[in-house]
Amino acid sequence: MSAEPLQIHDDRFLINRLIDQAPTHTLIREFFMNAQENATLALEGPKEVRIYPTIVDGVRKLTFWNTGPGMNDAELRMATNLSSSINKPMALDGNFGIGAKVSGLTVNPAGIRYRSCKEGTVHEVTIGYDDEEQTYVRYPVEFEDGTEDTVFDVTEAVLAERQEIDFDWTEVVLFGEDDEHDTVSEPIGRGVKVERSYVSSQVFRRFAAFRPGVEVKADVSMTQGGGKGETGRFRQLKTLSASIPKLPNSETVRCPETNVEIHFIHDPKKSGYSHSMSAVLNSATPSTTFCALVHKGERYDIKTKKRWSAAAPNFGIPFGSTVLTVEIVLPASMALPNQYRDGLTSPEDRSSLTAEHFASIVRDLMPDWVKDVIRDAHPPSDDNLDDLQQDLQKLLDEFKVPTVAFAPSKALPDRVENVDDGRDETEQADAEGFDDDEEGILRQIKHQTKRASNKNVRKAPEGAKLSKESKALERVPTIEILTALEDIEEKGIKGRAGKYYKDAQSLFVNGKYSAVDRMAAELELSFAGQIDPETLRTLVLKAAQRFTAFRVGKATCFAISKRLADDWSIDDLDRATSPESLSLAADDYRQSINAARKWVRTEIKAEALENDELQATS
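The structure presented is a predicted model; accordingly, all values stated were derived computationally and were not measured.

Scanning the protein chain from N- to C-terminus turns up 19 helices and 22 strands. Expressed as a percentage of its 618 residues, the buried residues of the protein chain come to 49%. Pairs at least 24 residues apart make up 70% of the contacts formed inside the protein chain by residues separated by at least 6 positions. Working note: accessible area of the protein chain is about 31400 Å², and carbon and sulfur atoms make up 49% of it.

Of all the 9 residues making up strand 2 (residues 59-67), 8 are buried; the element is thus mostly covered by neighbouring parts of the structure. Examined bridge by bridge, strand 1 (residues 48-56) and strand 2 share 8 bridges and lie antiparallel to one another. Counterpart to Tyr-52 in the pairing with strand 2 is Thr-63. Between strand 1 and strand 2, which pair antiparallel in sequence order, lie 2 residues; one of them, Asp-57, sits at a positive phi of approximately 50°. Taken together, the 5 bridges between strand 2 and strand 9 (residues 169-176) define a ladder with antiparallel strand orientation. If you follow Thr-67 over to strand 9, its bridge partner there is Trp-169.

Within the secondary structure, Asp-178 is located in the loop between strand 9 and helix 6 (198-206). Each C-alpha atom, one on Asp-178 and one on Asn-108, is 8.0 Å from the other, the two residues being 70 residues apart in sequence. When neighbours within four sequence positions are excluded, Asp-178 is seen to be in contact with Lys-61, Ala-110 and Arg-190. Reaching out from Asp-178, the side chain makes a polar contact with the backbone nitrogen of His-181 at a distance of 3.1 Å.

Quick look at the nonpolar core now. Among the nonpolar cores identified, the biggest contains 50 residues, and Phe-31, Phe-32, Leu-62 and Phe-64 are the most heavily contacted of them. No other element matches the 7 residues that helix 2 (residues 27-39) contributes to this core. If near-sequence neighbours (up to four positions away) are discounted, Phe-31 is found in contact with Phe-64, Ala-100, Gly-104, Ile-112, Tyr-114, Val-172 and Leu-174. One finds Leu-396, Val-509, Met-519 and Tyr-589 within the second-largest nonpolar core, a separate group that totals 43 residues.

Pairing is antiparallel across the open sheet formed by 3 strands, whose spatial order is 17-18-19. Of all strands in the sheet, those with a lone pairing partner are strand 17 (336-337) and strand 19 (352-353), marking the two edges. Across 2 bridges, strand 18 (residues 344-345) lies against strand 19 in antiparallel orientation. The partner of Thr-345 across the bridge, within strand 19, is Ser-352.

Here we come to the environment of Phe-358. Its location among the elements puts Phe-358 in the loop between strand 19 and helix 9 (359-365). Along the backbone, Phe-358 and Asn-314 are 44 residues apart, and their C-alpha atoms lie at a distance of 9.8 Å. Those residues in contact with Phe-358 that lie beyond four places of it in its chain are Val-260, Leu-293, Ile-328, Leu-330 and Met-334.

Reading guide: rules and limits
- Residue numbers run consecutively from 1 along every chain, following the written order of its sequence.
- Under the rules for a predicted model, residues below a pLDDT of 70 receive no local features and side-chain atom pairs below 80 are neither given nor counted, while totals for whole chains, interfaces and linings still include all residues.
- As a rule here, side-chain values come from all non-hydrogen atoms in the structure, and water together with hydrogens is ignored.
- Labels follow the DSSP assignment, with helices taken as runs of H or I lasting at least four residues and strands as runs of E lasting at least two, numbered in each case from the N terminus.
- Note on classification: 1.4 Å probe, protein chains only; a residue is buried when its accessible area is under 20% of the maximum for its type, exposed when over 50%, partly exposed between these limits.
- What makes two residues a contact is simply this: any of their non-hydrogen atoms within 4.5 Å.
- Surface accessibility follows the Shrake-Rupley procedure with a 1.4 Å probe radius. Residue values consider only the protein chains on display as shielding.
- Two strands make a pair as long as DSSP finds a minimum of two bridges between them.
- Identification of polar contacts relies on pairs of N or O atoms within 3.5 Å, with a donor-acceptor requirement for protein atoms, meaning one able to donate a hydrogen and the other able to accept it, and with residues adjacent in sequence counted only if both atoms are side-chain atoms.
- Working definition of a nonpolar core: buried Ala, Val, Leu, Ile, Met, Phe, Trp, Tyr and Cys residues. They are joined through side-chain atoms within 4.5 Å.

And the structure:
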């Protein structure tokens with residue numbers, strides 16, 4: 001007896017569940033992908049995809065149209081079955097035929113109309129949800145003689161609409177949730193408002209490249225720029241790669257170990273415009289900088305705007321995310337799309353792949369010109385935090401926490417074992433110049449410009465390197481105090497004291513956090529009348545920000561030291577350095593109020609001394 005294939009006992013339940021659970025945000029991708037795949041098969045004439053509104057009973061319906069091999073009635077019937085495709089193979093690593101119909105019916109239960117012209121004859125079929133059948137069906141139509149069918153010839157109707165039939169084409173019209181649903185302005189659900197150029201923007205963001213020779217056009221009513229009230233006129237939609245030669249700089253760097261390619265793109269705002277240079281060059285769609293995985297010409301895990309700004313420090317871009325795009329191009333064999341093609345998975349264990357999995361490669365391969373862009377984007381500041389970070393480093397060194405690279409396992413486990421000279425608990429040892437009232441931060445404080453010079457530090461001889469022991473110990477994160485509201489919101493720390501990026505070793509502190517204001521107000525009372533009020537307010541605000549950064553930094557160092565504790569997992573460590581935990585540490589500003597007063601007093605004396613010197617020389 002041969003093996004007996006499994007059957008589906010209740011196919012209606014399975015189909016309904018498959019469609020009802022499908023994501024809606026993949027709809028545009030699915031219908032566009034089918035259109036361009038078919039267009040690329042055109043043996044003669046243009047390989048073209050058009051996106052436009054079709055008026056049905058006075059209501060606009062979103063339409064995808066393409067050249068390429070058409071379908072007759074039998075092929076059209078087969079093509080509207082689930083898990084069925086025409087002119088392409090079914091394969092997990094290909095564009096298998098499940099997504100468009102499934103995601104389309106989720107948003108368009110009122111129907112999806114297919115028309116296809118083959119050898120001068122046009123056939124039509126509409127699929128949608130039938131209330132009586134309680135499932136998804138091909139809708140029947142009744143003819144004058146009383147007969148019914150679901151796939152039928154509409155050649156005469158198409159000719160009456162003045163459409164051409166002397167070459168093959170296919171058209172898909174999305175009817176939405178009901179007859180009154182305008183699927184052009186609300187393509188992913190009735191009542192879900194999107195920008196006018198949503199459809200063209202989704203195509204632009206998702207596709208790093210179109211199929212060879214395929215030209216994409218979108219109706220002006222669905223693109224950026226003029227033509228909002230028009231229809232019947234088209235703009236060409238281009239990929240970002242078409243604009244790159246006209247941008248200031250771009251570079252692709254390959255990782256030899258993984259064959260992953262990192263594409264760095266500098267896309268600043270065009271002079272005199274509020275849009276990026278690529279947006280001006282590609283007028284059909286708005287273009288912003290982003291970070292994404294790229295696999296077989298499609299982008300996944302796309303991070304744009306605030307989401308990209310918040311994630312960018314993990315990739316070594318603490319500033320400049322609004323002018324830098326990073327594409328992480330994966331080899332074909334490294335990933336597989338998931339069932340609904342809205343994410344990538346590992347072929348080995350089907351675990352999700354995200355851009356963050358490749359952040360270290362982005363940091364390691366970053367070209368010098370990208371680093372220059374990041375430095376240029378750094379907010380201007382006259383404050384030098386070297387002394388603050390040196391004190392924090394001294395604190396962290398006392399715990400002898402190994403870096404991940406020098407730990408027994410390079411992939412940080414739940415706990416770090418067998419660390420020489422380590423401790424189970426984070427006990428602070430005494431260190432010269434560092435005590436409970438934070439006097440260490442005040443050591444030998446001179447005027448700001450003098451502190452920044454570090455003249456007492458000798459330059460290392462050529463070829464000198466850090467000792468192995470020094471490199472093996474964890475370094476304190478680089479601290480950035482943000483004072484611009486835009487920067488604070490981009491990093492996602494509005495109402496929070498700070499955010500720690502452990503992979504990039506960066507710590508961002510909210511210079512407008514509530515505890516900063518409370519501390520500054522208390523300091524101002526202590527020195528009222530001693531110097532010019534405006535100068536004093538500037539000075540006490542800087543002190544409050546610095547010592548808030550110090551408290552947040554200390555909390556981060558203590559959390560890092562918990563890597564030595566057996567009972568602390570990675571999740572525990574992440575919670576300890578969460579923005580909420582760091583905020584609690586920042587709120588206790590009175591623990592550092594005395595040290596802040598000493599810092600302000602020293603600065604006032606330095607200011608007075610400088611003024612006396614200026615008067616003496618004038």
